[in-house]
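# Breakdown of the fold
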Number of protein chains: 4
Amino acid sequence: MSVTLSQARKIIRHALTKGREMELKPLSVVVVDAGGHVVAFERSDGAPPGRFAIAHGKAYGTVMLGMGGTKQMQRAEDQAYFMAAVNGVFGGQVVPVPGGVLLRNKTGKVVGAVGVTGDTSDNDAAVAMAGIEAAALVGEI
Amino acid sequence: MSVTLSQARKIIRHALTKGREMELKPLSVVVVDAGGHVVAFERSDGAPPGRFAIAHGKAYGTVMLGMGGTKQMQRAEDQAYFMAAVNGVFGGQVVPVPGGVLLRNKTGKVVGAVGVTGDTSDNDAAVAMAGIEAAALVGEI
Amino acid sequence: MSVTLSQARKIIRHALTKGREMELKPLSVVVVDAGGHVVAFERSDGAPPGRFAIAHGKAYGTVMLGMGGTKQMQRAEDQAYFMAAVNGVFGGQVVPVPGGVLLRNKTGKVVGAVGVTGDTSDNDAAVAMAGIEAAALVGEI
Amino acid sequence: MSVTLSQARKIIRHALTKGREMELKPLSVVVVDAGGHVVAFERSDGAPPGRFAIAHGKAYGTVMLGMGGTKQMQRAEDQAYFMAAVNGVFGGQVVPVPGGVLLRNKTGKVVGAVGVTGDTSDNDAAVAMAGIEAAALVGEI
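Now for a description of the structure that goes with this document. (Residues numbered from 1 in each chain as written. Chains lettered and ligands numbered in written order. Predicted model: local features only at pLDDT ≥ 70, side-chain atom pairs only at ≥ 80, totals over all residues. Heavy atoms only, no water.)

This next bit is on the pattern of salt bridges. With the rule as written, the count across this model stands at 20 salt bridges over all chains. With its nearest N and O atoms 2.6 Å apart, the salt bridge here joins Arg 9 of chain C to Glu 42 of chain D. On the criterion of chain membership, the pair formed by Arg 9 of chain C in helix α1 (residues 5-21) and Glu 42 of chain D in strand β2 (residues 38-43) is interchain, its members lying in two chains. The exposure class of Glu 42 of chain D is buried, given its relative accessible area of 4%. Across the pair Asp 124 of chain D and Lys 58 of chain D runs a salt bridge, and its minimum N-O distance is 3.1 Å. One end of the pair, Asp 124 of chain D, is in helix α5 (residues 121-134); the other, Lys 58 of chain D, is in helix α2 (residues 51-65), with 66 residues separating them in the sequence. Take Asp 124 of chain D and Lys 58 of chain D: they sit in the same class, and that class is buried. (Salt bridge = Lys/Arg side-chain N within 4 Å of Asp/Glu carboxyl O. Helix = DSSP H or I, 4+ residues; strand = E, 2+ residues; numbered from the N terminus. Buried < 20%, exposed > 50% of the residue type's maximum accessible area, 1.4 Å probe, protein only.)

This is the structure we're talking about:
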């Protein structure tokens, strides 16, 4: 089972709404499936044009490594050359910072990941978690 | 002026609805802005995982060349080496077939492009046009 | 649900056995999951060193396009520039010839793909089908 | 002489069995030949999808540099820019951490390498050594 389009829409809408409530900068949100492939994406008006690549890098890396962005950042800070090498084998597509959140269903199975970008990395992660809860899934930062 | 997120959502929702009405295979739809950068994307449940790349290739090529996918295909059939070379300079990111539609506003200015994939290329283009009309923009195939 | 390691082993062993029975050249067989990610691979002694990339290209393209290698080849022969463009958006990782076989479970859901290479493309496909049947899955060429 | 498929199977099976005995996380194991080309690979059920790339990066770098992952890590910690540059010339395909183990036959000749990933790097290396011993080859970490 992978995240459905209906769940992805819920995650994105609630994350964007939460961002506006918190008065964050214009956010962009991607949802990828359990294979790291894009299900849905939205970029808020006013966000810089390159947001898809960053949001995608957070979510894609999270699925490929089975580890949320917050944990990836700790690993990158502990062992920079390891995360650099990991990025090499994934074609430079991994963005190891908070805002990438692993998605699990109620039984604990990985069903995809969310990537949020636009504000501070910690705010990006908070907003992702709000979206994930609204969709009745479980997030792992 | 570029297409807004609100317009992109309208295009995607109406295109997907039109696809279901026409009983097409599960569709995927991307909207890119006037710089070819992703604004929004949705992949229907049941579509193969690689749909983002193909939808993106249709829309991205359409913006970069200022020419819809139907015209690009005519060019590819007339002069295959030219489209191959064009793809070289754009990093292989152009998919020159119907389903890529140039987006103009009411004054004729290019504001982005739509890329639809999932059924026959001609059905993909028809569905893109339905979405574009619903958003009160003008499509050029 | 994706193909399991146990199913992948069965497919590979039976495909290699079938190849020896048919007295084919040394074969290589990969099984990828529903996201196109490698589950298992074996290269027979005596096969050239580059077999992983070719087997992978057959299986990966099959999952990403939701279409077996035999159908991909027909598309490539009908519309060469389209398959060339598709390969561009997938980073040159698609090998559109027989021997890539889509894997479905008994309910019809795509659970991965098999890629076989080493003999003629048609023999590669036949051997893939033999392995798939032995694992009680359904193959689509 | 390169590692044979039969030896590669033994290494993989014993490494995976050892990992289960040690109650490690789900492991993935690759065996490459003396030219760094894949002979066999298996990914345990429940491991993240990106494991092939990491296992391969450990084994490939080990063969190309003629140096196991543990030694590569020492080099990366002593001289990070050197390993970064090495990765540049090998297209980003080298993962310089424990779990990459050089394979020698009884006469000391390099016949390939093993790459294990899934648990801590040290556990990955221990499991690789267990597999290599079962195949009557000599490992160099």
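After presenting the structure, the write-up continues.
Counting from both sides, the interface comprises 17 residues of chain C and, opposite them, 17 residues of chain D. Together, the buried faces of chain C and chain D total about 1600 Å²; carbon and sulfur atoms form 48% of this surface. In this assembly, chain C and chain D are joined by four salt bridges. Applying the counting criterion to the chain C and chain D interface returns 13 residue pairs in polar contact (both at pLDDT 80 or more). Elements that contribute at least two residues to the side of chain C that touches chain D include exactly α1 and β2 (38-43) of chain C. It is β2 of chain C that provides the largest number of residues to the side of chain C that touches chain D, a total of six residues. (Contact = heavy atoms within 4.5 Å. Buried area = accessible area lost by both parts, 1.4 Å probe. Polar contact = N/O pair within 3.5 Å; in protein donor to acceptor, adjacent residues only side chain to side chain.)

With that settled, the discussion passes to the relation of the copies chain C and chain D. With an RMSD of 0.1 Å, chain C superimposes on chain D once it is rotated by 180 degrees and translated 0.0 Å along the axis. These values place the two chain copies in the arrangement generated by a two-fold rotation axis. Taking C-alpha positions as reference, the residue of chain C nearest the rotation axis is Phe 41 of chain C, located at 2.5 Å. A share of 100% of the interface residues of chain C reappears at the interface of chain D, consistent with the copies meeting face to face through the same patch. (Least-squares fit on C-alpha atoms with pLDDT ≥ 70 in both.)

If you rotate chain A by 180 degrees and push it 0.0 Å along the axis, it lands on chain C with an RMSD of 0.0 Å. Counting the interface residues of chain A, we find that 100% of their copies in chain C are interface residues as well, pointing to one common contact surface.

What follows deals with the sheet that holds strand β5 (residues 138-140) of chain A. Sheets are built from strands paired through backbone hydrogen bonds, the pairs being either parallel or antiparallel. Across the sheet, which stays open at both edges, the 10 strands sit in the order β5(A)-β3(A)-β4(A)-β1(A)-β2(A)-β2(B)-β1(B)-β4(B)-β3(B)-β5(B) with antiparallel pairing between neighbours. This sheet does not close on itself; its edge strands, each paired only once, are β5 of chain A together with β5 (138-140) of chain B. With strand direction ignored, the average angle separating the axes of adjacent strands in the sheet is 20 degrees. Both strand β3 (residues 100-104) of chain A and β5 of chain A contribute to a ladder of three bridges, which runs antiparallel. The residue of β5 of chain A that forms the bridge with Arg 104 of chain A is Val 138 of chain A. Most of the contacts of helix α5 (residues 121-134) of chain A go to strand β4 (residues 110-117) of chain A, to which it runs at about 135 degrees, and overall it touches β3, β4 and β5 of chain A. Across the sheet, helix α2 (residues 51-65) of chain B touches β2 (38-43) of chain A together with β1 (28-33), β2 (38-43), β3 (100-104) and β4 (110-117) of chain B, and the angle it forms with β4 of chain B is around 150 degrees. (Pairing = 2+ DSSP bridges. Axes fitted to C-alpha atoms, helices over the stretch in contact; angles between N-to-C directions.)

For the rest of this paragraph, the subject is the sheet that holds strand β3 (residues 100-104) of chain D. Strand order across the open sheet formed by 10 strands is β5(C)-β3(C)-β4(C)-β1(C)-β2(C)-β2(D)-β1(D)-β4(D)-β3(D)-β5(D), with antiparallel pairing between neighbours. At either margin of the open sheet sits one strand with a lone partner, and together these are β5 (138-140) of chain C together with β5 (138-140) of chain D. Here the strands of the sheet are splayed against their neighbours by 20 degrees on average, with no regard to which way each runs. Across five bridges, strand β1 (residues 28-33) of chain D lies against β2 of chain D in antiparallel orientation. Bridging across to β2 of chain D, Ser 28 of chain D finds its partner in Arg 43 of chain D. Packing of helix α2 (residues 51-65) of chain C onto the sheet brings it into contact with β1 (28-33), β2, β3 (100-104) and β4 (110-117) of chain C together with β2 of chain D, and relative to β4 of chain C it is tilted by some 150 degrees.

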